[in-house]
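Topology and contacts: notes
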Amino acid sequence: MKKKFKLFATIGSLALAVCMMTIGVLAATSVSLTVNSTVSFSSTSVYVTFVGTVSGGDSINKTVTAKNYTVLTAQSNETFTAQAGGDSANFTGGAWNIGSLAFAEGAGQTIKYVFKFTNDTPEKAIDIVVTPTNAAGETVDAVISYQTEDGAGTASDLEGLASGKYVEYVYTLTLNNVSQTLDASNVSFDIDITPAA
């Protein structure tokens, strides 16, 4: 009698485990973990090269290079134009439409945006001010850091970027709730670049 009880108990436990696993798989496949992103620019009387990269998540690898001038002797434009290659097809009208980015389970729960700004203003020593503003959804945590030629930077490096120098604005998103759908989450950046006062 004891052997029959143990046998039925084992079979019941296995059946329950398979059932719970099936429910877990069905629940996981119904969750959408994506973010839509755009980057838009405006600039006034400065010469700037922008290099943007997005990586992480579900094997994301996007990059674009854009300038607001064609040659240094010409007047700078207010609108950035993408250079050939990379994700340049998605850069139109002074905005980079990065599109839908998917997180992945495990190590892919982080998406990193790196925006590099180089002050190409010639001859005159004109410092530039880079002002990025952004918004992220509630189901992600955002960490902002900075990088310069000299190593780790601070927000003040965006406030007086000297001619010939660059600063990287690094925006890292980490998924903090894998049980919630990110259907309509948007991470957008508006970047304004002006001469320093």
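Look above for the structure.
Structure report, in brief. (Residues numbered from 1 in each chain as written. Predicted model: local features only at pLDDT ≥ 70, side-chain atom pairs only at ≥ 80, totals over all residues. Heavy atoms only, no water.)

As a further point, take the nonpolar core. Phe50, Trp96, Tyr113, Phe115, Phe117 and Ile193 are the most contacted members of the largest nonpolar core, which totals 33 residues. Going through the elements one at a time, β1 (34-43), β2 (48-56), β3 (60-67), β6 (95-102), β7 (110-119), β8 (128-135), β11 (166-175) and β12 (186-195) are the ones with two or more residues in this core. With five residues, the single largest contributor to this core is β11. Discounting chain neighbours no more than four positions away, the residues touching Phe115 are Val39, Phe50, Val51, Gly52, Trp96, Val167, Glu168, Tyr169, Phe189 and Ile191. (Core = buried A, V, L, I, M, F, W, Y, C linked by side-chain atoms within 4.5 Å. Buried < 20%, exposed > 50% of the residue type's maximum accessible area, 1.4 Å probe, protein only. Helix = DSSP H or I, 4+ residues; strand = E, 2+ residues; numbered from the N terminus. Contact = heavy atoms within 4.5 Å.)

Turning to the side chain of Thr118, a few remarks are in order. Tracing the backbone through its elements, the reader meets Thr118 in strand β7. Judged by its relative accessible area of 17%, Thr118 is buried. If we ignore the near neighbours within four places in the chain, the residues touching Thr118 are Tyr47, Val48, Thr49, Lys165 and Tyr166.

What follows deals with the pairing of β3. Inspection of the sheet shows β2 paired to β3 by eight bridges, in the antiparallel sense. By the bridge assignment for β3, Thr53 is matched with Thr63. Once β2 ends, the chain turns through three residues before running back antiparallel as β3, passing Gly57 with a positive phi of about 55°. Of the strand pairs in this sheet, β3 and strand β4 (residues 81-82) are connected by two bridges, and their pairing is antiparallel. (Pairing = 2+ DSSP bridges.)

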